[in-house]
Amino acid sequence: MVDKKVSFVCTSYRRFYCVKRIVAQYHAQTYTNKELIIFNTDMEYPYELGFDDPTIIVVNNDTNYLTGEKYKNRGEICRDAVTHATGDYFMLADDDDIYLPYHIQQAVDGITENGKDAWKPRKSLFATGDRLEFCQNTLEASIIVKMDRIREIGFREDMTGYEGLSWYTKLRDEKQLDEYNENY
């Protein structure tokens, strides 16, 4: 059986220290059939990878593909970033998050085992000011989704911070996403 390809999509604006960390965490992943899409919207400071890696696609763009205007919210940015993805699965790489080396492998194993369109752990690690704790919320960066469903449902484009709720809510309501999965 051939492993399905995971597109790890990272959007960013002028947070290159974070993007550098995402690239390092991407390279540390134990799952091998993957690609990283870095979608930088800061045209004053275009991002350059600095080395050749055919599995990393860097896009510097601040213009909405549909309207030709500057981006108004992260939903528009995520929608356009996903157009560069070639994977079977979508995962979000929030540029300020930290990912353990088995992050992608755990997600692929989870979605394969559950047979649904998405998988997420019930809880994920969350850093507060002075400690790490397990947290249960949408944490869309911990979820894997079949790419065709992401493209079908899309992202909310009315308000930054809620862009993932379109697909998260629809998949949950269709019983294609189990918010209470204890197998993590």
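We now turn to the structure provided with this report. It should be emphasised that the depicted structure is a prediction, and the values quoted were computed from it without experimental measurement. (Residues numbered from 1 in each chain as written. Predicted model: local features only at pLDDT ≥ 70, side-chain atom pairs only at ≥ 80, totals over all residues. Heavy atoms only, no water.)

Structural notes on the overall build of the protein
A tally of regular secondary structure across the protein gives five helices and eight strands. Its helices and strands in sequence order give the protein the pattern β-α-β-β-α-β-α-β-β-β-β-α-α, from N to C terminus. The globule rule puts the C-alpha radius of gyration for 184 residues at 16 Å, and the 16 Å found for the protein is close to it. Along the three orthogonal principal directions, the C-alpha set of the protein runs to about 45 × 45 × 35 Å. Buried positions account for 47% of the 184 residues belonging to the protein. (Helix = DSSP H or I, 4+ residues; strand = E, 2+ residues; numbered from the N terminus. Rg over C-alpha atoms; globule rule 2.2 N^0.38 Å. Buried < 20%, exposed > 50% of the residue type's maximum accessible area, 1.4 Å probe, protein only.)

Things to note about helix α5 (residues 165-173)
The periodicity of an α-helix, 3.6 residues per turn, causes residues three or four positions apart to be oriented the same way. Restricting attention to buried positions, one finds in α5 the residues Ser166, Trp167, Tyr168 and Leu171. The secondary structure elements touched by the buried residues of α5 are β4 (89-92), β5 (118-119), β8 (144-146) and α4 (147-153). (Contact = heavy atoms within 4.5 Å.)

Overview of the pattern of salt bridges
Within this structure, the stated rule accounts for 21 salt bridges. Of the charged contacts in the structure, one is a salt bridge between Arg14 and Glu44, with a shortest N-O distance of 3.0 Å. Placement of Arg14 in the loop between β1 (6-12) and α1 (16-28) and of Glu44 in the loop between β2 (34-40) and β3 (56-60) is noted, with a sequence separation of 30 residues between them. Residue classification places Arg14 among the partly exposed positions, given a relative accessible area of 38%. One salt bridge connects Arg156 with Asp158, and the closest N-O pair in it is separated by 2.7 Å. The exposure class assigned to Arg156 is partly exposed, which follows from its relative accessible area of 29%. Beyond isolated ion pairs, a larger network of salt bridges with shared partners links Asp117, Lys146, Arg149, Glu152, Lys170 and Glu174. (Salt bridge = Lys/Arg side-chain N within 4 Å of Asp/Glu carboxyl O.)

Looking at the pairing of strand β6 (residues 124-127)
Relative to strand β7 (residues 132-135), β6 runs antiparallel, the two sharing four bridges. Considered in β7, the bridge of Ala127 is made with Leu132. Between β6 and β7, which pair antiparallel one after the other, the connecting turn spans four residues. (Pairing = 2+ DSSP bridges.)

With respect to helix α3 (residues 103-114)
The terminal C-alpha atoms of α3 lie 17 Å apart, and with 12 residues this matches the ideal 16 Å at 1.5 Å per residue to within 8%. Among the residues making up α3, those that are buried are His103, Ile104, Ala107, Val108, Gly110 and Ile111. The buried residues of α3 all sit within an arc of 160 degrees when viewed along its axis, so they share a single face. Tucked into the core, α3 has its buried residues touching β1, β2, β4, β5 and β8. Looking one or two residues beyond α3, the residue adopting positive phi is Gly115, at roughly 70 degrees. (Expected span 1.5 Å × (residues − 1). Arc of directions from axis to C-beta.)

Notes on the packing of aromatic side chains
If you walk through the whole model with that rule in mind, you get six aromatic pairs. Geometrically, the ring pair formed by Phe8 and Tyr99 is edge-to-face, given 5.2 Å between the ring centres and 75 degrees between the ring planes. Of the two residues, Phe8 sits in strand β1 while Tyr99 sits in the loop between β4 and α3, which places them 91 residues apart along the sequence. The exposure classification of Phe8 matches that of Tyr99, with both residues buried. Through a chain of ring-to-ring contacts, the aromatic side chains of Phe39, Tyr65 and Tyr71 assemble into a single cluster. One cation-aromatic arrangement involves Lys34 over Tyr26; the distance from NZ or CZ to the ring centre is 4.8 Å. (Phe/Tyr/Trp six-rings, centres within 6.5 Å; stacked < 30°, edge-to-face > 60°. Lys NZ or Arg CZ within 6 Å of the ring centre and 35° of its normal.)

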